[in-house]
Amino acid sequence: MNAPADHARRLLEPCDIGGLVLPNRIVMAPLTRGRAGKERIPNVLMAEYYVQRAGAGLIIAEATTISEQANGWLESPGVYTPAMEEGWRDVTSAVHAAGGRIFLQLWHMGRASHSDFHGGSLPVSASAVKIEGDGIYTPLGKKPYDTPRALETREIAGVVADYRRAAARARAAGFDGVEIHSANGYLIDQFLQSKTNLRTDDYGGSIEKRARLLREVVEAVSAEWPANRVGVRISPNGVFNDMGSPDFREQFTYVATMLDRCGLAYLHIMDGLAFGFHKLGEPMMLAEFRRVFSGPLMGNCGYTLESAEQAVADGVADLVAFGRPYISNPDLVERLRHGWPLAEPAEMAAWYSPTGATGYTDFPSYEPKPGAKGLL
């Protein structure tokens, strides 16, 4: 990803989303780091972590569960109790004091959870379709995935209400907006995709019906926030959590067309193939979505500085999100601005380990040699 700074000029231009002026087009992607403790309450260490990265045009805070039912990752944060709201308020206050802007990603894991997180009750999904994978880390150790329980039609309104309540808490906690996590094989994605949605009610059986849950969640969240402070994330090409559907192109073209009418802050698309591709057709890239979505588009997944700059220069991306580079480069924007080298990637063992500051807030900012000049 290292490159001369003059390649980053377009990325360093301001961008307006919903009246929120971002000083640059570099976004810190949501990164699950597992530092919220067993009570899932955001803490001082998390505030320090985000403050270190406040130079991003926008921070999208890590995936944050909307309810107890939504849980399924060890020590990830939630936003469904007063204590969680208060913990996040401390984080947003610190980020804003450092000059940053921060959205919260709203998350329901669906079938990617396990009964160990729910007192023995099965995780829920669109249909009773099990993840084929090597297992999940639960509070009782690594175990095979459960076959989930299909949500009853009458239960879905309650899930939508959970999103709305979580969105309201996020606003009360001082976030600048929210992102609805509809990607990577989590609950909303499980409803969107024909591989996991075998329903025959009003939430399945056709492209339009599979998108109904997402539409209802967007409407509910937009009742608490202006729609232009609500983002949506999708992953049309991905295989994470055993996803990938033969009709992915038709499904996600419909989704983007539907969302274009909502006046969103942005559509966040995992268009890169760095983390796996289902190979069920030609991948869907940003240019294809640009034809049906007129609002701001955010690319993500394996972008280099050069490919990100090119996407912005070509007009297919308004914003580009970087994930893993932000783990070991808290000052990523400054490194790109000045052409400074990036730090070595963090070891995977540090990504999720609840070991406090180690591998989390202990990555230093770059210190140029005295008298050195940047390239911009």
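Keep in mind that this is a model prediction, so the values were computed, not measured.

Student: What is the right way to look at the overall build of the protein in this model?
Tutor: The secondary structure content of the protein amounts to twelve helices and 14 strands. Relative to a compact globule of 376 residues, whose C-alpha radius of gyration would be 21 Å, the protein shows 20 Å and is just as compact. Its C-alpha atoms give the protein principal-axis dimensions of about 65 × 45 × 40 Å. Expressed as a percentage of its 376 residues, the buried residues of the protein come to 57%. Here the analysis covers contacts within the protein between residues at least 6 apart in sequence; of these, 76% occur between residues at least 24 apart. For the protein, the accessible area works out to roughly 14,600 Å², and carbon and sulfur atoms hold 53% of it. Distance between charge centres in the protein, computed from 38 positive and 44 negative side chains, equals 1 Å.

Student: So what exactly am I meant to see when it comes to the side chain of Arg25 here?
Tutor: You can see Arg25 is positioned in the loop between strand E2 (20-22) and strand E3 (26-28). Of the buried charged residues, Arg25 lacks a salt bridge, with Glu13 as the closest side chain of opposite charge at 4.2 Å. If sequence neighbours within four positions are ignored, Arg25 has contacts with Arg10, Leu11, Glu13, Pro14, Cys15, Val312, Asp318, Leu319 and Val320.

Student: Help me understand the sheet that holds E3, please; the structure alone is not making it clear to me.
Tutor: Strand pairing within a sheet occurs via backbone hydrogen bonds; the two strands may be parallel or antiparallel. Within the closed barrel, the eight strands sit side by side as E3-E4-E5-E10-E11-E12-E13-E14. Their pairing is parallel. Here the strands of the sheet are splayed against their neighbours by 25° on average, with no regard to which way each runs. Strand direction decides the pairing type here: strand E12 (residues 266-270) and strand E13 (residues 297-300), joined by four bridges, are parallel. Within the sheet, the bridge partner assigned to His268 lies in E13 and is Met298.

Student: Any chance you could explain the confidence of the model for the protein here in plain terms?
Tutor: Interpretation of the predicted coordinates at a detailed level should be avoided for regions scoring low in pLDDT. With 95% of its residues at a pLDDT of 70 or more, the protein has an overall mean of 94. Here residues 372-376 scores under 50 on pLDDT; set against residues more than four positions off or in separate chains, the count is ten contacts.

Student: What is the right way to read the pattern of salt bridges from this model?
Tutor: In this structure the tally under the stated criterion is 20 salt bridges. A salt bridge links Arg89 to Glu85; its shortest N-O distance comes to 2.8 Å. Of this pair, Arg89 and Glu85 both sit in helix H2 (residues 82-97), separated by four residues, roughly a single helical turn. Exposure remark for Glu85: the relative accessible area of 13% places this residue in the buried category. Asp201 is paired through a salt bridge with Arg199; the nearest N and O atoms lie 2.8 Å apart. One exposure class covers both Asp201 and Arg199, and it is buried.

Student: Which parts of the structure should I look at to understand the packing of helix H3 (residues 153-172) against helix H6 (residues 212-221)?
Tutor: The description of two helices packed together rests on the angle between their axes and the distance between the axes. One way to put it is that H3 packs onto H6 with a least axis distance of 8 Å and a crossing angle of 35°. Relative to H6, H3 is oriented so that their crossing is right-handed. Together, Ile156, Val160, Tyr163, Arg164 and Ala167 of H3 and Leu213, Glu216, Val217, Ala220 and Val221 of H6 make up the contact between the two elements. A breakdown of the residues in the contact of H3 with H6 according to their chemical character gives eight nonpolar, no polar and two charged.

Student: Explain the packing of helix H1 (residues 44-52) against H2 here, please?
Tutor: Relative orientation of the contacting elements H1 and H2 amounts to 30°, with a least axis distance of 9 Å. As far as their axial angle goes, H2 and H1 are roughly parallel. Between H1 and H2 the crossing geometry is right-handed. Across the interface between the two elements, Met46, Ala47, Tyr50 and Val51 of H1 pack against Trp88, Asp90, Val91, Ala94 and Val95 of H2. For the contact of H1 with H2, the residue count by class is eight nonpolar, no polar and one charged.

Student: Please clarify how the packing of aromatic side chains should be interpreted in this entry.
Tutor: For any two aromatic rings, the description comes down to two numbers: the centre-to-centre distance and the angle of the planes. In the structure shown here, the tally under the stated rule is nine aromatic pairs. With a centroid separation of 5.4 Å and 65° between ring planes, the pair formed by Trp88 and Phe175 is classed as edge-to-face. Taken together, the residues span a long stretch of sequence, with Trp88 in helix H2 and Phe175 in the loop between H3 and strand E10 (177-181) at a distance of 87 residues. Ring-pair connections join several aromatic residues into one group, and the members of that group are Trp73, Trp107, Tyr186 and Phe240.

Student: Mind showing me how you'd approach the nonpolar core here?
Tutor: Nonpolar side chains tend to gather and get buried jointly when the protein is soluble and globular. In this structure, Tyr50, Trp88, Leu106, Leu214, Val221 and Leu259 are the most contacted members of the largest nonpolar core, which totals 85 residues. In terms of residue count, H3 provides more of this core than any other element does, seven residues in total. When neighbours within four sequence positions are excluded, Val221 is seen to be in contact with Leu106, Tyr163, Ala167, Val178, Ile180 and Val230. Ranked by size, the runner-up nonpolar core spans 14 residues in total, among them Leu22, Ile60, Ala265 and Met298.

Student: Teacher, can you tell me more about the pairing of E10 here?
Tutor: The side chains of a regular strand alternate between both faces of the sheet. Counting buried positions along E10 gives five out of five residues, so the element sits mostly inside the fold. Across the two faces of E10 the burial is the same, with Gly177, Glu179 and His181 and Val178 and Ile180 all buried. For strand E5 (residues 102-107) and E10, the ladder comprises four bridges, and the chain directions are parallel. In the strand pairing of E10, Leu104 is matched with Val178. Pairing of E10 with strand E11 (residues 230-234), which is carried by four bridges, proceeds in the parallel orientation. Along E11, the bridge assignment pairs Glu179 with Gly231.

Parameters at a glance
Residues numbered from 1 in each chain as written. Predicted model: local features only at pLDDT ≥ 70, side-chain atom pairs only at ≥ 80, totals over all residues. Heavy atoms only, no water. Helix = DSSP H or I, 4+ residues; strand = E, 2+ residues; numbered from the N terminus. Rg over C-alpha atoms; globule rule 2.2 N^0.38 Å. Buried < 20%, exposed > 50% of the residue type's maximum accessible area, 1.4 Å probe, protein only. Contact = heavy atoms within 4.5 Å. Areas by Shrake-Rupley, 256 points an atom, 1.4 Å probe, with all protein chains shown as cover. Lys, Arg positive; Asp, Glu negative; His and termini not counted. Charge placed at Lys NZ, Arg CZ, Asp CG, Glu CD. Salt bridge = Lys/Arg side-chain N within 4 Å of Asp/Glu carboxyl O. Pairing = 2+ DSSP bridges. Axes fitted to C-alpha atoms, helices over the stretch in contact; angles between N-to-C directions. pLDDT = per-residue confidence, 0-100. Left-handed = near helix turned anticlockwise from the far one by under 90°. Nonpolar A, V, L, I, M, F, W, Y, C, P; charged D, E, K, R; others polar. Parallel < 35°, antiparallel > 145°, perpendicular 65-115°, else oblique. Phe/Tyr/Trp six-rings, centres within 6.5 Å; stacked < 30°, edge-to-face > 60°. Core = buried A, V, L, I, M, F, W, Y, C linked by side-chain atoms within 4.5 Å.

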